[in-house]
Amino acid sequence: MNLLTVRGLSVDYATPNGPARAVHGIDFHVNQGEVIGLAGESGSGKSTVAKAIMRILQPPGFISGGSVLLNGRDVLTMSRSDLRDMRWTEMAMVFQSALDSLNPVLPIEAQFQDLAIARLGRRLAPAQLREFLRFVDLENRVLSSYPHQLSGGMRQRVGIALALVLKPKLLILDEPTTALDVVVQRHILRGLQRLQKELNFSILFITHDLPVLLAMSDRIIIMKDGLVCEADTPSALRRRPEHPYTQQLLASMQLLEDGGDGSPEERT
Amino acid sequence: MNFLLSKMGLYAVAGWAVITLNFLIPRLMPGDPASALFARFKGKLKPDAMEALRQQLGLNDAPLLKQYWDYIAQLAQGEFGLSIAFHPEPVLGVIKIGFIWTVGLSGVAVLISVVVGTGLGAYAAWRQGGRFDAIVPPAVAFLAAFPYFFLAMILLFFLGLEWGLFPLGMAYGPYSAPGFNGGFIYDLVSHGFLPCLTIVLASLSGWLFVMRNTMIGVMGDEYVCLAHAKGLSRRRIFVAYAMRNALLPSLTSFGMALGFIVSGALLTEVVFSYPGLGYLLLKAILSQDYPLMQGIFLMITLSVLLANILVDALYYVLDPRTRGGR
């Protein structure tokens, strides 16, 4: 069953010379329990798609057409309060930059409790907090730390734990590991895969890192210039990439592998 | 803790520099205050009176180091010498009274200005582009374009003289005896109202714009966006996410402003004949009262230092990043 169905989604950015289209009516869907990769170079519109689905696009960006169905309900026409109820319980998001998505003046525990108070009407018990930290392999002392006291990898794991507090059915990850080094990245992604199997949520994973997607996605959607140019399973993409851009991407990857940089499977 | 300790070290050095400069400047000036005073009396003083004056001002022929040592020793005992304009009052006593009035007037005015200005700025940013944002900031900027003393004279002329709503000057009326009772407090407030209003109106815009601009920057930050997405209440986002972070830059200017409390209200005090330090300083300059001037300068510079220490301590509380340690 389709958890998320995106149909004809278009996003424009208002400019002094009229709207500039960033996403040109794209279609795709995410099934229950599936890991979908959304790949493309910077500027291809993949982050814009994520923000449009969550409806957190900041001006001058605006959604100019299409629909985003989540469990059959259109996110784009939801009222403000429905939207608030939907976010984090049905789909949650981990933001691109681990460094900037935590409030610098509040300790980590307060940022969990803020969410719990706003959405559950109560504070989380210490045992529950420990459980969320265990999910992402963090120690308890993180709770009393401030963001600046944590490393980039730890902050990103806090971001993932924060996204899981209300047990969402869909987790959108917007380049969650781009700013991190390869070892930390691999550690986080392994943990994420394990969690995904344990809690059985779907993932929409946005990155320009094709090797990572090839290794962990069920299907990959490749975007270029605001259009979907190809969507298929990793093995099919590897065997016979149809679009020239996909061929180019895979070729550039091949080049690195031949240089003895380790196989992509190893990088997850 | 290291942050505070190293700051304290810095302030100790600055404090020593201030005290030393205060000692050196009168001694490096061409001529000396005693001969200037002597000349003012146009021969009505005997030459040995001049020698006595020099002694009184601490300007003797002892080696500079010895003079410096005596000066420090006197300071340590709170001994600033005698005032000439208010002869024979000791300088310390004169300054004490002026200090209380100044801190009372400007302290209240700056606090009101900071709280109101920052609040208006934060709200204007929160409703950026709205009606409030379109009207209030420009209006406040318009008021701030007037110089302090001009605003003071306008207020004094209309509200004080023409309409007679407020008294024309001084800190309290000639017929009320200082004391902790309703009548005297009413008298104090009505005398302080116009000078206070002047300072608030003239300084409001600084606070408003600093806050509005940083707040707009902070509201575009990822963590505020994430807080919205998490569905936190708007009130919580406004206070703990946006405003709390936007306040930090304002805090630095607050330290500067606290220091200027002591000196900055000079013109306002002069227009309203308010007996604070600014008014005293004017009197000291007009009557070439060197001991008093020196005392007031020392007071002003030390207050600026003290205010900055306070702000650093506040920063330590408000910004966890300054607390150091990983």
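Please read all numbers here as calculations on a predicted model, not as lab measurements.

**Student:** What am I meant to see in the layout of surface pockets here?
**Tutor:** Any space left empty among the atoms is revealed by the rolling of a water-sized probe across them. Looking at the largest pocket, its volume works out to about 860 Å³. Lining of the largest pocket is provided by 24 residues; of these, Arg55, Arg80 and Arg87 of chain A together with His228 and Arg234 of chain B occupy positions nearest its centre. Within the residue set of the lining of the largest pocket, elements represented by two or more residues are helix 2 (80-86) of chain A together with helix 9 (222-230) and helix 10 (234-264) of chain B. If you tally residues by element for the lining of the largest pocket, the top one is helix 2 of chain A, at four residues. Residue classes in the lining of the largest pocket are distributed as twelve nonpolar, six polar and six charged.

**Student:** I'm lost on the domain arrangement of chain B in this one. Help?
**Tutor:** Quoted interface sizes are often the accessible area lost when the parts come together. All names here are of chain B. Split by domain assignment, chain B resolves into domain 1 (2-76) and domain 2 (91-323). Each of domain 1 and domain 2 has a C-alpha centre, and these two points are 33 Å apart. Contacts between the two partners involve 19 residues from domain 1 and, on the opposite side, 16 residues from domain 2. For the pairing of domain 1 and domain 2, the buried interface totals around 1600 Å² over both sides, and the portion due to carbon and sulfur atoms is 73%. The largest share of the area that domain 1 buries against domain 2 comes from Phe3, Tyr11 and Asn22, three residues that together contribute 36% of it. Linking domain 1 with domain 2 are one salt bridge, by the criterion used here. Linking domain 1 with domain 2 are three residue pairs in polar contact (both at pLDDT 80 or more), by the criterion used here. Elements represented by at least two residues in the side of domain 1 that touches domain 2 include exactly helix 1 (2-28) and helix 2 (33-40).

**Student:** I would appreciate a short explanation of the interface of chain A and chain B in the present structure.
**Tutor:** Taken together, the 27 residues of chain A in the interface contact 24 residues of chain B. Here chain A and chain B share an interface that buries about 2300 Å² over both sides, 56% of which is from carbon and sulfur atoms. The interface formed by chain A and chain B includes one salt bridge. Two residues, Asp114 of chain A and Arg236 of chain B, come together in a salt bridge whose shortest N-O distance is 2.7 Å. Linking chain A with chain B are nine residue pairs in polar contact (both at pLDDT 80 or more).

Parameters at a glance
- Residues numbered from 1 in each chain as written.
- Chains lettered and ligands numbered in written order.
- Predicted model: local features only at pLDDT ≥ 70, side-chain atom pairs only at ≥ 80, totals over all residues.
- Heavy atoms only, no water.
- 1 Å grid on protein atoms, 1.4 Å probe; cavity = no way out; pocket = protein on both sides within 12 Å on 5 of 7 lines; lining within 4 Å.
- Points joined across faces, edges and corners; volume = space filled by probe spheres on them.
- Helix = DSSP H or I, 4+ residues; strand = E, 2+ residues; numbered from the N terminus.
- Nonpolar A, V, L, I, M, F, W, Y, C, P; charged D, E, K, R; others polar.
- Domains from an automatic or database assignment.
- Contact = heavy atoms within 4.5 Å.
- Buried area = accessible area lost by both parts, 1.4 Å probe.
- Salt bridge = Lys/Arg side-chain N within 4 Å of Asp/Glu carboxyl O.
- Polar contact = N/O pair within 3.5 Å; in protein donor to acceptor, adjacent residues only side chain to side chain.

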